[in-house]
Amino acid sequence: MMKGSQQQQQRPLLIPSPRTPGKEELPYTPVNASIDASIPVSSMPVKPYSDSQIEMSGDFVRNPSSQSIQSKSSSGYSIKEVSFREGSDVIVNPVVRYGSSGSNPGRYGSRGASSGGFGSSYKEIKDEDARLVYVNDPVRTNEKRFRFAGNSIRTSKYSFLTFLPRNLFEQFHRIAYIYFLVIAILNQLPQLAVFGRGASVLPLALVLFVTAVKDAYEDFRRHRSDRIENNRVASVLLNGEFGDKKWKDICVGEVVKISGNQTLPCDMVLLSTSDATGVSYVQTTNLDGESNLKTRYAKQETQAKASLLGEIGGLLIKCEKPNRNVYGFQANMEIDGKRISLGPSNIILRGCELKNTDWVIGVVVYAGKETKAMLNNAGAPSKRSRLEKHMNKEIIILSLFLVALCTVVSLSHGVWLRRHREELYLMQFYRKYDYSEPEVEKYEYYGLGMEIFFVFLMSVIVFQVMIPISLYISVELVRIGQAYFMIRDDRMFDKSTNSRFQCRALNINEDLGQIKYVFSDKTGTLTENKMEFQCASVGGVDYDNGKAISTEDGQTGYSVQVDGMVLRPKMTVKVDQDLLHLSKMKHTDEGKHLCDFLVALAACNTIVPLTVETSDSAVNLIEYQGESPDEQALVYAAASYGFMLVERSSGHIVIDIQGERPRFNVLGLHEFDSDRKRMSVIIGCPDQTVKVFVKGADTTMFKVIDKSLNLNMVKATESHLHAYSSKGLRTLVIGMREMSTSEFEQWQSSYDSASTALMGRANLLRKVANNVENNLRLLGASGIEDKLQQGVPEAIESLRTAGIKVWVLTGDKQETAISIGYSSKLLTSKMTQIVINNNSKDSCRKSLDDALQLYKKLSNVSNSNDAGHVAGTNQLALIIDGTSLVYILETELEEKLFELSSKCTAVLCCRVAPLQKAGIVALIKNRTDDMTLAIGDGANDVSMIQKADVGIGISGQEGRQAVMASDFSMGQFRFLVPLLLIHGHWNYQRISYMILYNFYRNVVLVFVLFWYVLFTGFTLTTAITDWSSMLYSIIYTSLPTIVVGILDKDLGRSTLLKYPQLYGAGQRGESYNGKLFWYTILDTLWQSITAFFIPLIAYWDSTVGVSALGDLWILAIVILVNVHLAMDVVRWYTITHIAVWGSILATFICVMVIDAWPFLPGYWAFFMIAKTKLFWVCLLGIVVAGLVPRFVVKVFVQHCKPSDIQIARVAEKFGHLQGDAETEMNPIFDLPQRTATT
Amino acid sequence: MNSSTPSSSAAGAGSADSTAPRRNSKRPKYSRFTQQELPACKPILTPKWVIGTFLLVSVIFIPIGVVSLFASRDVVEIVDRYETDCIPEALRNDKVGFIQSDRSKTCQRTLRVPKDMKQPIYVYYQLDNFYQNHRRYVKSRSDQQLRNNGSLQDTGPCKPEDNVAGGPIVPCGLIAWSLFNDTYGFTRNNQQLNVSKRGISWKSDREHKFGKNVFPRNFQNGTLKGGATLDPDVALSDQEDLIVWMRTAALPTFRKLYGKIEVDLQRDEIINVTLQNNYNTYSFSGKKKLVLSTTSWLGGKNDFVGIAYLTVGGLCFFLALVFLLIYLIKPRQLGDPSYLSWNRNPSGH
């Protein structure tokens, strides 16, 4: 390609005539000589070509729909892409004439027709929605009311000055912090000050500070990268000359020149490129992750002008307001009083890289934060985990507790006051009156009602830890830790794409342990989306590689010699010997037929051949770049049979046919669209004939094939097709016919008028295509294998054993889907298949009823048999297609479908549109509590990924939209197994234990405080010092739970993989549920009673002081709480020991430090009480007495009613599980030898 | 632990060679930490451990319980409740009026020693229903002022006992104001029994918390007298009754050390107590008790700890037996995967 365009530069060029390509010679003028700009381009009655240049499709690379027939969704991609798709209908470009294939002044016609056609009809951009860009006149463009954003970008959030207020503002978006704040403020009121002011603000301040430091650091890094980005230099047209300018100073309306391999600083409309025909190539890796080259065009009109720098000015571009649609752009340009429209193929976006083009000149239309790249820079979607939602229920219960406790305290206080109302004046410890002044006044007594109210608020302050705010923070820390381990997991690293697992959403880790339904896309998810040509049916004969020789062992496959260079296709395809042999016998009829077939494979596509140098300088590889993997596979296949596509330029292709290099002129191209489900090219062959090659889906192709020609062959091909698709191959039917000259001319004129039409262009073009795509001669059919990804069947098997229902939703047709179902072990021969494939609502209803009947019958049979062992034999599989779903989804039939599908072990939905995918997910999500997971790789999976509770994007071949929309992304489907069964399980167990434990540890403290309040005249004195009760959730008990939450593993990796059923614990919510919550609360109650009352009774009638007893209580609680955790830890790492015992030690140290301040009332209390033996006796007694019930229950359950996890844990320890575990993982993990350390 | 196992050394080699050829590989660097394969100890509650734990607890707890119980039984304690008896019978319907009046509050009590008491014998006063832990009360003190002569004006938290006309009160606050002021004199066989009032407070308090150069000022000069007066010429660090009183008690019923009797008392000896019943607990129906008690290693007379330990120890012994029975009657092979739910009941899921 590169080579081609360079050659063209030296060639004389034709004046383009975009709309009306003529048939005759056009006098051409070299562009760099004087282009006569005054030639009214549109009206030129031209027949420009002396040669046979053809217009390529305007946007052939970018267009996913050209993937053709089996492409994933049959009706439209995601919403995002719709506009784009409309455009693609029109891309065919008319320009060409064919005639002699002489020397070729390379030429691209104006892309006007094609790009203008984006949008099926010509849309006027309303003035108020438009932005006007005066080319090379930034001053006027940016004048007063149109101040467009400059090009400096700011991904950083804060500046030095705004940091504090903005960061605080953002942090206080969290409800937890508000709670903190309210409590802290309440505590500042003098009547309510329970705690010292410092102590009450400390936790909030600490949390805010830590978060702020983290934010500041992140923002600093963003600042730095912004600065680097903004100070990059680009070449901008100033006063008629290009000069360097920093990126940040570029503004809308300026003309910028970009050289090859540079990155685009902003979104610009192309004005001209180094290629005379206005073509350029960009790579959009930064934008959407796709690494293939995309073509972008400069308008022929501006291409000519822009070469003369002075004349660029005076153009006016009217384009839409900035928006996020990367694939859409609408604008028009006024040039010489004429309006031409601009489309997505005329704009290059910030972040793209210019490739294979020397330079381009463009005018900035969107800059800085208004560029599409920046507008798309949105963060990950935020979902909330189910556990968290569940947790909120318990938090509400705890708040009710809190309110109840506070009410009890305040009312009791009221009663106390009332009972002592006569005594309050003199009571030494109350003193209702202030006698110090001559006039006796009430002292801090506000009447009974107010006193009760104040006591209520005060008790809220004292009992504030009842709501475990620290839990939110620790859960977040734990999730970060878990994400770290998931990202670092070697087993989820994909070598082939060099991609790690990614956590894009941080707050739903634990949902991975509760998944019940997996909705999977097929192409690119289960399969590799690497198409491999497998077999062909040519002329009614099936060549299915029966006697294939593998080209991989030493044989290098087909190669050609050019100028002493060996050219070889990059990928080799297995070659069928018979077919290879036949392809060399061109004189026979069969040979000719085959020849046509192979030419069709090589020509009927939009593939661009690229030459790649290898280490061996004499050998170059040809790589076929294109949007559609099917087409790539076909071209590679053709190449290995000696029909190697070696060159494609604007209007022609060169196919190396077994040594000869004929040149074919591409005269026209009808893009794939979802109605026709086929595409065609019109080729001017070297022998002066014009041929139409069509390839497409069998359903639509057989309608346009002339069956009378060779009925037997058609029949045979049909049966082959059936065989192919039941093998799981993607099939394409290929046909052709010759066109007579008159027919061609007729086509051409209608094509031209259609493609220049202002209204309804897409429809007109479709009509033209339909006219020409008929009466075809069947050439044959191809079968392309959509290779299953490694380990998919094993993964599906594992998931199924784990009790996860796997549904496959695909745009493929039924046969293909079913065959993939079999090969991926989703379907087994034991299953009873229910196929629903209807065209009306009534028939759908009937099918569903029948299916339910069938189910009942089957389950009756199995019930009448021994209920025990039949479960496996009567599994149902539901296969339903998109058409039926249209009648079912969002009608009353949904309920039935749900009922049916919930009974089925496997569900396959074929021919579904993207929105239907989301609909199916919603079908389950709205009716059950079960967690759903959607996994997909393409834009058509985005809706489903966003709908499901957990969305996973496969970072594979198809771009990054799915990844962008997902919560997690990974390289391979099979990683679902470690992700769900191992990490999901762990995450769930860890987080759920952690939540329960955090409830427990906070409530235990609150209860102890509460018990004490009962002994202080309900006045909220805290024996435990302010500092200790604040530090309790920060230092004393926080670290162990975080460490355990990140590191503890209830079961080892290999056990979890060996028994996927263990995953059921998460699905059933065994580790966190209402029952466990109440048990925990009961346990808490008991422990708080022991912790409080043992010292209370032991020190009754003694001289003990309030601080000393407080120290005993806090230490008792901390030890109790930490030993409680220690009892539940499964795996003791060094760091766990440090955290648990270290926390206890730290508590002792803190208590000592607090008691070493002489100005605190509790001075030296700890040292005094620690000298007494009673203190230590109490501590020991509390810990043992507090934990005995828990220990007994634990041991009892473990022995008499053990859960699967407990059994497996014991089994793991005592060695009954090891040994074969490792071998079982091999299909899923391609790791080198590594012992699974558990 | 890194180089000893074959797995990690293999991984080490892997990462070494990976540096050069595939620098761009994003493959996570292998470490046992990131792969969550750190060596760990996995304790399992086997029957041996369970029974062992219970037995261990009972072995520790029962002796401690027995020793504590004996210790508590060894403590001799004389408790004499006197707040009602010390009011002339005629005046008992207006106790508050009596205590606020200027009548003589002297009261004679006789105590009989039930058992031999070894010195030191601690003399306590016990107040019931006196909420020294009441929030308003607990906060009503200024620790700064107590420590430091320069902080006289630091009476912020002391309201309403912060100032009188003559300036700041030292020591200020309700706690100091309500200082206990009953006094006891002991005679045995008409001989004075010396009560030592030295060293009844914490040494740390005398040295660091109550200033040597802080003297009482304006104390009990207000209209309402709370309790004892202090000698303005004695530094706070030497006012041990105050220091003891200022250690607010944890519970509504509490004892405070009044002094020590440093002679032994014999069984059946009669001790006459002359007490000044000055302190007003009548306004809140509080009880006053005089307590003479010896101590043990565990403190005062309190059977609770012993009983609790014996209970827990006994319970654990019982549990050990119960679990032993369970393990014998219903044994289960450890780590047998056939107990897994899906193995027991193949169609169960």
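Not measured: the values here are computed from a predicted model.

About the thresholds
Residues numbered from 1 in each chain as written. Chains lettered and ligands numbered in written order. Predicted model: local features only at pLDDT ≥ 70, side-chain atom pairs only at ≥ 80, totals over all residues. Heavy atoms only, no water. Salt bridge = Lys/Arg side-chain N within 4 Å of Asp/Glu carboxyl O. Axes fitted to C-alpha atoms, helices over the stretch in contact; angles between N-to-C directions. Helix = DSSP H or I, 4+ residues; strand = E, 2+ residues; numbered from the N terminus. Parallel < 35°, antiparallel > 145°, perpendicular 65-115°, else oblique. Left-handed = near helix turned anticlockwise from the far one by under 90°. Contact = heavy atoms within 4.5 Å. Buried area = accessible area lost by both parts, 1.4 Å probe. Polar contact = N/O pair within 3.5 Å; in protein donor to acceptor, adjacent residues only side chain to side chain. Nonpolar A, V, L, I, M, F, W, Y, C, P; charged D, E, K, R; others polar. pLDDT = per-residue confidence, 0-100. Pairing = 2+ DSSP bridges. UniProt positions renumbered as here; feature names shortened; annotations may be inferred. Buried < 20%, exposed > 50% of the residue type's maximum accessible area, 1.4 Å probe, protein only. Patch = residues over 30% accessible without salt bridge, like charges linked within 9 Å, V, L, I, M, F, W, Y side chains within 5 Å. Areas by Shrake-Rupley, 256 points an atom, 1.4 Å probe, with all protein chains shown as cover.

We now examine the pattern of salt bridges. Considering all chains together, one arrives at 53 salt bridges over all chains under this definition. Here A:Glu229 makes a salt bridge to A:Arg232, at a shortest N to O gap of 3.6 Å. Three or more residues joined by partner-sharing salt bridges are found here, namely A:Asp489, A:Arg491, A:Arg1053 and B:Glu37.

Here we take up the packing of helix 11 (residues 386–419) of chain A against helix 13 (residues 469–488) of chain A. All names here are of chain A. Between helix 11 and helix 13, the least distance of the axes is 13 Å, while the angle of their chain directions is 160°. With respect to each other, helix 11 and helix 13 are oriented roughly antiparallel. Our pair here, helix 11 against helix 13, has a crossing hand that is right-handed. Facing helix 11, whose interface residues are Glu-388, Met-391, Asn-392 and Ile-395, helix 13 presents Leu-471, Tyr-472 and Arg-479.

What follows is about the interface of chain A and chain B. The interface of chain A with chain B comprises 111 residues on the first partner and 107 residues on the second. Carbon and sulfur atoms make up 61% of the surface buried where chain A meets chain B, a total of about 9,800 Å² over both sides. Looking at the side of chain A facing chain B, the largest losses of area belong to A:Gln428, A:Phe429 and A:His1199, adding up to 9% of the total buried there. Linking chain A to chain B there are 3 salt bridges. Its salt-bridge partner being A:Asp490, residue B:Arg27 comes within 3.0 Å of it at the nearest N-O pair. One can count 30 residue pairs in polar contact (both at pLDDT 80 or more) joining chain A with chain B. It is helix 38 (residues 1173–1200) of chain A that contributes the most residues to the side of chain A that touches chain B, 17 residues altogether. When grouped by side-chain class, the residues that make up the side of chain A that touches chain B number 65 nonpolar, 24 polar and 22 charged.

All names here are of chain A. Residue-level pLDDT values for chain A average 77, and 81% of them are 70 or greater. Note that pLDDT drops below 50 for residues 866–872; the model gives that stretch 7 contacts with residues more than four away or on any other chain. Confidence drops under pLDDT 50 across residues 1217–1226; counting only partners more than four residues distant or on other chains, this segment forms 15 contacts.

This paragraph deals with the sheet that holds strand 5 (residues 267–273) of chain A. Neighbouring strands of a sheet are bound in pairs by backbone hydrogen bonds; such pairs are parallel or else antiparallel. All names here are of chain A. Overall, antiparallel pairing links the 6 strands, which are arranged 3-2-4-13-5-11 in an open sheet. The open sheet has two edge strands with one neighbour each: strand 3 (241–246) and strand 11 (347–348). The sheet contact formed by strand 5 and strand 11 spans 2 bridges and is antiparallel. The partner of Met-268 across the bridge, within strand 11, is Ile-348.

Attention now goes to the UniProt feature "active site" (unreviewed entry) in chain A. All names here are of chain A. When the UniProt feature table is mapped onto this chain numbering, "active site" (unreviewed entry) sits at Asp-521. Tracing the backbone through its elements, the reader meets Asp-521 in strand 17 (residues 515–521). Looking at Asp-521, the relative accessible area reads 1%, which means it is buried. Separated by 3.1 Å, the side chains of Asp-521 and Lys-917 make a polar contact.

All names here are of chain A. Within strand 35 (residues 931–936), 6 of the 6 residues are buried, which leaves the element mostly enclosed by the surrounding structure. The alternating pattern of strand 35 places Met-931, Leu-933 and Ile-935 on one face and Thr-932, Ala-934 and Gly-936 on the opposite face, and all of these are buried. Judged from the 5 bridges that link them, strand 17 and strand 35 form a sheet pairing that is parallel. Looking at strand 35, one finds that Ile-515 is bridged to Met-931.

On to a nonpolar patch on the surface, then. Residues and elements named next belong to chain B. Together, Leu-55, Ile-62, Val-66, Phe-70, Phe-317, Leu-321, Leu-324, Leu-325, Leu-328 and Ile-329 line one region of the surface with nonpolar side chains, adding up to about 930 Å² of accessible area. Secondary structure elements with two or more residues in the nonpolar patch: helix 2 (47–74) and helix 9 (304–329). Top contributing element to the nonpolar patch by residue count: helix 9, with 6 residues. Locating Ile-329 in the fold gives a position in helix 9. On the accessibility criterion, Ile-329 (67% relative accessible area) is exposed.

In this section: unusual backbone geometry. Peptide bonds are mostly trans, and most non-glycine residues show a negative phi. Of note, the amide linkage connecting B:Gln119 to B:Pro120 takes the cis form, showing an omega dihedral of 0°. Tracing the backbone through its elements, the reader meets B:Pro120 in the loop between strand 2 (106–112) and strand 3 (121–128). Residues B:Val170 and B:Pro171 are joined by a peptide bond in cis, for which omega reads -15°. Tracing the sequence through the fold places B:Pro171 in the loop between strand 5 (167–168) and helix 6 (174–177). Phi at A:Lys825 is positive, roughly 65°, even though this residue is not glycine. The residue A:Lys825 is located in the loop between helix 22 (814–823) and strand 32 (832–836) in this model. The exposure class assigned to A:Lys825 is partly exposed, which follows from its relative accessible area of 39%. With a phi close to 65°, B:Asp268 is a non-glycine residue in the positive phi region. Here B:Asp268 falls in the partly exposed class, since its relative accessible area comes to 39%.

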